[in-house]
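A look at the structure
The lines below spell out each chain.
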Amino acid sequence: MKILNRDILKSFLAPFLATFFIILFVLIMQALWLQFDKIAGKGISLVIILKFLGYMALMMVPTALPIAILLSSIMALGNMAENYEFAAIKSAGISLQRFIRPLMILMFVLSFANFLFLNYVFPYASLKSKNLIYNMKMKEPGLALVPGTFNNEIPNFSIKFDEKYGENENLLKNVLIYDLKSNTVNNKVITAKRGEIVSEEGSRYLTLILEDGYYAEDLIANKATSESRKRAPFTKAHFDKYEVSIDVSNIGDFDPDDVKYKTGKEMLSLKQLNFYIDSLQGPYHEFVMNRANRVYTTLKANKLMSDTLQGEALNPVLFENFNDKNKLLVVDNAYLSAQGNLENLKSFKETLKDKQKIINGYSVEFHKRIAFSIACLVLFFVGAPLGSIIRKGGFGLPMIIAVTIFVIYFFISTFGKNMAESNTVSPFIGGWLATFLLLPFGVLLMIRATKDKGIFNIDAFLQPLVNAFNTIFKLNKNNS
C-alpha cells in the first residue's frame, strides 16, 4: 500500500504544481491588465511594480488553489483510468475511496492552509495592494481624473467633466469644479465648456486652463452666524479664459507604503470581520427603534390609551363622535398625517436597505472565507470521481471540464453574495450557497464512480423509447 500511496501522490502533485502556477500567472496578468491604466506612463520603478505583482499573487493564491485541485484531480485520476491502472487496482480488491485516501488527507491539509491564507495573508495583501494602487494612481493626478464622476482625490477640490479627449487625453468637455478650501463648503463653483490639463514634469502645480465658462462665489469668509451668511453678497462672472492652479506637491511625493484605506471587508481577518459585524448591529437596531418611536409619536398613538372627553359615553365608532364639520377636519388631518408618514417611511426604507447591505456585506465575507476554504475539499470530491468516469488524462478535456465547473461555482457564489447583500437570503446561505449545491453533486459522482457507472445512464432514457418504437413498427407490420 505504501507504493500505491506514493504513486497516487506523485501522479497528483506533478500536474497540481504545474496547473497551480499556470493559473496563478493567468490571474496575475488579468489583475495587472485591469490596473494597467493606473500604472502606465507614470514613471513608477520596476521594484514598485514587482511589489504590486507580489501583492496580487498573494491575493490570487486562494482562487488559484481550488482550480488547480479540481483540474489536477481530474487529470491524475483520468490518466490512471485511461491507462487501465484503475482496473488493475480494483481487481486487487482496493476500492476507489481507499485508493484516494492519501489525496483526501492532502486535501484536508490544503483546505486548512487555504483557510489560514484567507484569514491572515489575504487581508494583508488586500490592504497593501489597494493602498498601493491608490498611491500609484496619484503619482500623476492629471491622469487619475475619471470622466462622468466627481474626482475627490485632489485635496480641496472636487472636479467633474463629461469627456476626456485629445492625443494625450488632456482636453476636457463640460467641466465643473467645486473649490472646497473654505471648510469643505461649496462656496466657489467654476463651470466651463472646455478645459485643458497642463502638468509639467517636476512642477508642484497642476494647471487647468478653462474656456467659455462662469465663476460664482458666496462671500461668507468671516460670517459666523447663519443669518449673516444669508445676507452675504454673491458674485458671478463670465470668462473667456481662466486658469486654475492646484498644488499637488504633496501628492507628487510618491510613498508606496502610505496607508489610507484600512476598513474594507477584504482587508479584515475573520476576528476583525466578526467585530465589525457586532459593532454595526448595535447602531443599526438603535436606528430602527428610533424611527419606529418617531412614527409612533407622530401618529400620536401614545395618546390613544386614555379618553380626553368626560361625561357622556363615547360611540364605539369613534368617527361618529364628531359633527360634519369636524369629520371633514379629521379626514383632512388624517390624510395629511398619513401622507407625511408614508414619505418618511419611503426614505427610511432606502436608508435601512443601505445600512443592512453594509452589515450583510461583512457577514457574507465572513462566511465566504470559510466556505472557500472548504471548496478545496469539495472540488476534489467532484474532480476525483469525474476523472475516473471520463477516463481521459492530459490538459484537453479535463481543462474544459474543470474551467466549466469552477465558472459555475464562481457564478453561484457571486449570485449568493448578491442575494445576501440585498437581504433576499441570509448571509449564511449567501456565503455557503455554492458549496451546498456542489457537495451533493460530488457525492453523486463518488457513488457512481465506485459502482463503475457513467455520469448519466443514457440507456435508462433511450431504452423505453426504443421499445416503444419497436412495438409500434411491429404492430404496423402485423396490420399490413
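Rules of the game
Residues numbered from 1 in each chain as written. Predicted model: local features only at pLDDT ≥ 70, side-chain atom pairs only at ≥ 80, totals over all residues. Heavy atoms only, no water. Axes fitted to C-alpha atoms, helices over the stretch in contact; angles between N-to-C directions. Helix = DSSP H or I, 4+ residues; strand = E, 2+ residues; numbered from the N terminus. Parallel < 35°, antiparallel > 145°, perpendicular 65-115°, else oblique. Left-handed = near helix turned anticlockwise from the far one by under 90°. Nonpolar A, V, L, I, M, F, W, Y, C, P; charged D, E, K, R; others polar. Core = buried A, V, L, I, M, F, W, Y, C linked by side-chain atoms within 4.5 Å. Buried < 20%, exposed > 50% of the residue type's maximum accessible area, 1.4 Å probe, protein only. Salt bridge = Lys/Arg side-chain N within 4 Å of Asp/Glu carboxyl O. Contact = heavy atoms within 4.5 Å. Phe/Tyr/Trp six-rings, centres within 6.5 Å; stacked < 30°, edge-to-face > 60°. Lys NZ or Arg CZ within 6 Å of the ring centre and 35° of its normal.

**Section: the packing of helix 1 (residues 2–34) against helix 2 (residues 46–82)**
For the pair helix 1 and helix 2, interaxial distance at closest approach is 5 Å and the crossing angle is 140°. The angle between helix 1 and helix 2 falls in the class oblique. Here helix 1 and helix 2 pass one another in a crossing that is right-handed. Across the contact of helix 1 with helix 2, the residue classes break down as 26 nonpolar, five polar and one charged.

**Notes on the nonpolar core**
Counting 70 residues, the largest nonpolar core has Phe52, Ile69, Leu70 and Ile100 as the members making the most contacts within it. When residues of this core are traced back to their parent elements, those giving at least two are helix 1, helix 2, helix 4 (96–99), helix 5 (101–137), helix 10 (324–390), helix 11 (396–421) and helix 12 (427–450). In terms of residue count, helix 2 provides more of this core than any other element does, 21 residues in total. Val175, Tyr215, Val244 and Ile246 belong to the second largest nonpolar core, which has 17 residues in total.

**Quick notes on the pattern of salt bridges**
Across all of its chains, the model carries four salt bridges by this definition. Glutamate 211 is paired through a salt bridge with arginine 194; the nearest N and O atoms lie 3.4 Å apart. Of this pair, glutamate 211 sits in strand 5 (residues 205–218) while arginine 194 sits in strand 4 (residues 188–198); the two residues are 17 residues apart in sequence, bridging distant segments of the chain. A relative accessible area of 36% places arginine 194 in the partly exposed class. When the shortest N-O distance is used, the salt bridge between glutamate 365 and arginine 369 registers 2.9 Å. Residue glutamate 365 and its partner arginine 369 are both found in helix 10; the two are separated by four residues, about one turn of the helix. Classification of glutamate 365 as buried rests on a relative accessible area of 10%.

**Quick notes on the side chain of arginine 369**
Exposure remark for arginine 369: the relative accessible area of 3% places this residue in the buried category. Those residues in contact with arginine 369 that lie beyond four places of it in its chain are Leu118, Phe122, Pro123, Lys265, Glu266, Leu268, Ser269, Leu270 and Leu273.

**Section: the packing of helix 11 against helix 12**
Between helix 11 and helix 12, the shortest axis-to-axis distance is 7 Å and the interhelical angle comes to 160°. Taken together, the axes of helix 11 and helix 12 are roughly antiparallel relative to one another. Helix-helix and strand crossings are classified by hand; for helix 11 and helix 12 the assignment is right-handed. For the pair formed by helix 11 and helix 12, the contact residues are Tyr409, Ile412, Ser413, Phe415, Gly416, Lys417, Met419 and Ala420 on the first element and Pro427, Gly430, Leu433, Ala434, Thr435, Leu437 and Leu438 on the second. Tallied by class, the residues present in the contact of helix 11 with helix 12 amount to 10 nonpolar, four polar and one charged.

**So, the packing of aromatic side chains**
On inspection of all chains with the given rule, the structure shows 15 aromatic pairs. Between the aromatic rings of phenylalanine 372 and tyrosine 409, the centroid separation amounts to 6.2 Å while the plane-to-plane angle is 45°, which identifies the pairing as tilted. Remark: tyrosine 409 occurs in helix 11 and phenylalanine 372 occurs in helix 10; sequence separation between them is 37 residues. Just as phenylalanine 372 is buried, tyrosine 409 falls in that class too. Between lysine 173 and the ring centre of tyrosine 165, over which it is positioned, the NZ or CZ distance is 5.9 Å. The ring of tyrosine 214 carries lysine 236 above its face, with NZ or CZ at 5.2 Å from the centroid.

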